[in-house]
Amino acid sequence: MDAFELLTSVSQTYRDIRALALEARIVNESGDEDSRNRSEIRSIFKYTAPDRMRYEQAGPRGSVEVFDGTQMHSCSMRGDPMRRGPRCRSYPLPHGRPLPHVFGSDLPGGGNEPFLYQAINERVVSSEVVREENGCHVIAVTYSGSERPLMPTRMPVHFWI
């Protein structure tokens, strides 16, 4: 199957979703052969189309974010060093800005743990199936440059589909 056809199929699948709940283990690794860093966080995502979402990070320093369509409510267990307990706040969602945790082709390697991929086939400059691995197509995708200053995105991003 063609790589862009796979991306379009993924995009349409996510556009058709009315509700989604999943648990993920987010792993961050960095370093080289001399020095390595690794962290894992268990997260729970819940989504109801078109604009309701809940995101939880587990653990004693975890957090909760709730998007109700007009407001974002967040509570962090990290708290304020001068007070005990969680730090909570609410603020309106900026008009026209996508929800957090939605894949954005202008910043495909962004660190907001995307789990909704409606826009995975937008702003694609090139895409190719690189290999098959564990029953998945590994696809290398290059997106057009970001509209955000100082955010180059011309390097390929790999997806396992």
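Model, not experiment: these values are computed from the prediction. (Residues numbered from 1 in each chain as written. Predicted model: local features only at pLDDT ≥ 70, side-chain atom pairs only at ≥ 80, totals over all residues. Heavy atoms only, no water.)

Draft legend 1. Looking closely at the sheet that holds strand β9 (residues 157-160). With antiparallel pairing, three strands are arranged side by side in an open sheet as β7-β8-β9. Every other strand in the sheet has two partners, leaving β7 (124-133) and β9 as the edge strands with one partner each. On average, adjacent strands in this sheet sit at an angle of 25 degrees to one another, irrespective of strand direction. Where strand β8 (residues 136-143) lies against β9, four bridges are found, and the strand directions are antiparallel. In the strand pairing of β9, V138 is matched with W160. (Pairing = 2+ DSSP bridges. Helix = DSSP H or I, 4+ residues; strand = E, 2+ residues; numbered from the N terminus. Axes fitted to C-alpha atoms, helices over the stretch in contact; angles between N-to-C directions.)

Draft legend 2. Representation of the pairing of β7. In terms of strand pairing, β7 meets β8 through eight bridges, oriented antiparallel. Counterpart to E128 in the pairing with β8 is A140. From the end of β7 to the start of β8, which pair antiparallel, there are two residues, and N134 there has a positive phi angle of about 50 degrees.

Draft legend 3. Seen up close, the packing of aromatic side chains. On inspection of all chains with the given rule, the structure shows seven aromatic pairs. Ring plane angle 75 degrees and centroid distance 5.7 Å describe the contact between F103 and F159, whose orientation is recorded as edge-to-face. You can see F103 sitting in the loop between β6 (87-92) and β7 and its partner F159 sitting in strand β9, a full 56 residues away along the chain. For F159, a relative accessible area of 11% corresponds to the buried category. Every member of this aromatic cluster is reached through a ring pair, and the members are Y14, F103, Y117, Y143 and F159. (Phe/Tyr/Trp six-rings, centres within 6.5 Å; stacked < 30°, edge-to-face > 60°. Buried < 20%, exposed > 50% of the residue type's maximum accessible area, 1.4 Å probe, protein only.)

Draft legend 4. Summary view of the state of the cysteines. One pass over the structure, following the stated rule, counts one disulfide. Covalent S-S linkage joins C75 and C88, the inter-sulfur distance amounting to 2.2 Å. Taken as a pair, C75 in strand β5 (residues 71-76) and C88 in strand β6 lie far apart in primary sequence, 13 residues in all. (Disulfide = S-S within 2.5 Å.)

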